[in-house]
Amino acid sequence: MVLNRMMKWKFQDTDLIILNEKYELNLGLKRIKHMTGVKKLVKQIAESLKLDNSEEISEIFKLHDIARNMKAEKQQEFIPHIDIIDIEKNNPVLLHAPIAAYMLRNSDLYTDNSDNLLYAVRYHTLFEHAERETFELKLLTVCDFCEYERKFTEAETLRKVAFENLDKAYEKMKIIRKEYYLKHEKIN
Ligand SMILES: [Fe+2]
Ligand SMILES: [Fe+2]
């Protein structure tokens, strides 16, 4: 089954639970908490910057991991519809980013102004491979990395920097992330 249009839903966290069941997304409580944590931090930073679309940004970015726990068979249904790069072919866990962007594009949350947001969702796992390091990409990746559920030492410091200077937080995040993943030999 390929999702054409997702159900229409209003901007509420409980709707994530509804979507989870309806589309068998397999999102556990920890993942849901992470996603709502991203939403919260994105919204706070967007509001502090007085962006007029902070609601839309935070709702779309909340869903960046909507396909993160999707079963492999189900992921396969999306493959014909998305462009994937080699590193994603070799690391299926990374597929959740292009799949999420595809799902969002075909959802009722998507508007003509959402392109930059979907671009950020699409590259949130591989921002080093993104052609454009946009403001939205920086916002999502920084918040993804240091939202309130992240308990490692640098997370709190990074959140503070993010409120003061997002570019600086993004550069700092890249360094911490690289060191962390090198140490743990993880890619995502
Ligand atoms: Fe992700
Ligand atoms: Fe995430």
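This structure is a prediction, so every number in the text was calculated from the model and none was measured.

What counts, and at which threshold
- Residues numbered from 1 in each chain as written.
- Chains lettered and ligands numbered in written order.
- Predicted model: local features only at pLDDT ≥ 70, side-chain atom pairs only at ≥ 80, totals over all residues.
- Helix = DSSP H or I, 4+ residues; strand = E, 2+ residues; numbered from the N terminus.
- Buried ≥ 20, exposed ≤ 12 C-beta atoms within 10 Å, placed from the backbone.
- Contact = placed C-beta atoms within 7 Å.
- pLDDT = per-residue confidence, 0-100.
- Core = buried A, V, L, I, M, F, W, Y, C linked by C-beta atoms within 7 Å.
- Axes fitted to C-alpha atoms, helices over the stretch in contact; angles between N-to-C directions.
- Parallel < 35°, antiparallel > 145°, perpendicular 65-115°, else oblique.
- Left-handed = near helix turned anticlockwise from the far one by under 90°.

S.K.: When you look at the overall build of the chain in this model, what are you seeing that I'm missing?
M.R.: When you go through the chain residue by residue, the secondary structure sums to 10 helices and zero strands. Considering the chain as a whole, with its 188 residues, one finds that 34% of them fall into the buried category. A fraction of 57% describes how many contacts in the chain between residues 6 or more apart in sequence connect residues 24 or more apart.

S.K.: Whenever I open this one, helix H6 (residues 96-105) confuses me. Can you help?
M.R.: At 3.6 residues per turn, the α-helix brings residues three or four places apart onto the same side. When you tally the buried positions in H6, you get nine out of 10 residues, the bulk of the element. Residues of H6 that are buried include every one of His 96, Ala 97, Pro 98, Ile 99, Ala 100, Ala 101, Tyr 102, Met 103 and Leu 104, and no others. Against helix H3 (54-62), helix H4 (72-78), helix H5 (86-90) and helix H7 (115-122) lie the buried residues of H6.

S.K.: Would you mind showing me how to read unusual backbone geometry here?
M.R.: Leave glycine aside and you will find that most residues have negative phi; peptide bonds, for their part, are mostly trans. Unlike most non-glycine residues, Asn 26 shows phi in positive territory, near 60°. Checked against the element boundaries, Asn 26 lands in the loop between helix H1 (14-22) and helix H2 (29-48). On the basis of neighbour count, Asn 26 is assigned to the partly exposed category, with 13 C-beta atoms found within 10 Å. Of note in the backbone geometry, Lys 50 takes a positive phi value of approximately 60° without being a glycine. With respect to the helices and strands, Lys 50 occurs in the loop between H2 and H3.

S.K.: What exactly am I supposed to notice about the confidence of the model for the chain here?
M.R.: As a general rule, the predicted coordinates of low-pLDDT regions are not to be interpreted in detail. Mean pLDDT over the chain: 86, with 89% of residues reaching 70 or higher. Mean pLDDT values over the elements of the chain span from 73, in H1, up to 97, in helix H8 (residues 135-146). The low-confidence segment residues 1-11 (pLDDT under 50) makes 21 contacts with residues lying over four places distant or belonging to another chain.

S.K.: Explanation requested: the nonpolar core in the structure shown.
M.R.: Across soluble globular proteins, you tend to see nonpolar side chains buried next to one another. With 43 residues, the main nonpolar core has Val 42, Ala 100, Val 121, Val 142 and Cys 143 as its most contacted residues. Each residue touching Ala 100, except ones within four places of it in the same chain, is listed here: Leu 63, His 64, Asp 65, Ile 66, Ala 67 and Val 121.

S.K.: How should I be thinking about H7 in this particular structure?
M.R.: Within H7, burial applies to Leu 117, Ala 120, Val 121 and Arg 122. Buried residues along H7 sit in contact with H3, H6 and H8.

S.K.: Would you explain the packing of H8 against helix H9 (residues 153-164) in this entry?
M.R.: Packed helix pairs are specified by the crossing angle of their axes together with the interaxial distance, meaning the distance between the axes. At a closest axis distance of 9 Å, the pairing of H8 and H9 adopts a crossing angle of 150°. Judged by the inter-axis angle, H8 sits roughly antiparallel to H9. Read as a crossing pair, H8 and H9 show a hand that is left-handed. Contacts from Val 142, Phe 145 and Cys 146 in H8 reach Ala 155, Leu 158, Arg 159 and Ala 162 in H9.

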